[in-house]
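Each chain is listed here by its residues.
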Amino acid sequence: MTYYIINLPATRQAQKLTFWGVGYQPNTADYSEALVVNEDHLNANLERFDNGRTTRAILTTVVQNHTGDWRELVGWTTPAQQEGAAA
């Protein structure tokens, strides 16, 4: 299995899903330009790649097949869900 690494602070700031990039591009919103790590490498470096504070690893197939709101991918509620919860 392979994973993209989501840069959580950059995602919050840009308000769009932002991945770690490759090469000289540190971040990218385009998953086709994102860093891909395999499961063994991810599991050996969980604090770096999936610590929940600054990064979140997500399966490449999940990102590529997702058609809903990007916030669903990182477990953040959408504005509509927040309004519904308050009602």
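Residues numbered from 1 in each chain as written. Predicted model: local features only at pLDDT ≥ 70, side-chain atom pairs only at ≥ 80, totals over all residues. Heavy atoms only, no water.

**Regarding the environment of asparagine 38**
Operational definition: Only DSSP runs of H or I with at least four residues qualify as helices, and only runs of E with at least two residues qualify as strands; both kinds are numbered from the N terminus onward. Note on exposure labels: buried denotes an accessible area under 20% of the residue type's maximum, exposed denotes more than 50%, and partly exposed covers the range between, all computed with a 1.4 Å probe on protein chains only. Contacts are assigned to residue pairs with any non-hydrogen atoms lying within 4.5 Å of each other.
Relative to the elements of secondary structure, asparagine 38 occurs in strand 4 (residues 36-38). Residue class for asparagine 38 comes out partly exposed when judged on its relative accessible area of 41%. Taking the C-alpha atoms as reference, asparagine 38 lies 6.2 Å from tyrosine 3; in sequence the two are 35 residues apart. If we ignore the near neighbours within four places in the chain, the residues touching asparagine 38 are Met1 and Thr2.

**A short note on the pattern of salt bridges**
What counts here: Whenever Lys or Arg places a side-chain nitrogen within 4 Å of a carboxyl oxygen from Asp or Glu, that contact is recorded as a salt bridge.
In this structure the tally under the stated criterion is two salt bridges. The salt bridge involving arginine 53 is made with glutamate 47; its shortest N-O contact spans 2.5 Å. In this pair, the class of arginine 53 matches that of glutamate 47, namely exposed. The partner of arginine 71 in a salt bridge is aspartate 69, and the shortest N-O contact between them spans 2.9 Å.

**Things to note about the packing of aromatic side chains**
Using the following cut-off: Any two rings among Phe, Tyr and Trp, with Trp reduced to its six-membered ring, count as a pair given centres within 6.5 Å; such a pair is stacked if its planes are under 30 degrees apart, edge-to-face if over 60, and tilted if neither.
Evaluation of the coordinates by the stated rule reveals four aromatic pairs. Between tyrosine 4 and tyrosine 31 the ring centres are 5.8 Å apart and the planes differ by 50°, which places this aromatic pair in the tilted class. Placement of tyrosine 4 in strand 1 (residues 2-7) and of tyrosine 31 in the loop between strand 3 (27-28) and strand 4 is noted, with a sequence separation of 27 residues between them. Its relative accessible area of 34% is what places tyrosine 31 among the partly exposed residues.

**Quick notes on the confidence of the model for the protein**
Low pLDDT means the predicted atomic positions in that stretch should not be read closely. Selection rule: Per residue, pLDDT captures the predictor's confidence, and it can take any value from 0 to 100.
Of all residues in the protein, 89% attain a pLDDT of 70 or more, and the chain-wide mean is 89. For the protein, per-element mean pLDDT is lowest for helix 6 (residues 79-86), which scores 50, and highest for strand 2 (residues 19-20), which scores 98.

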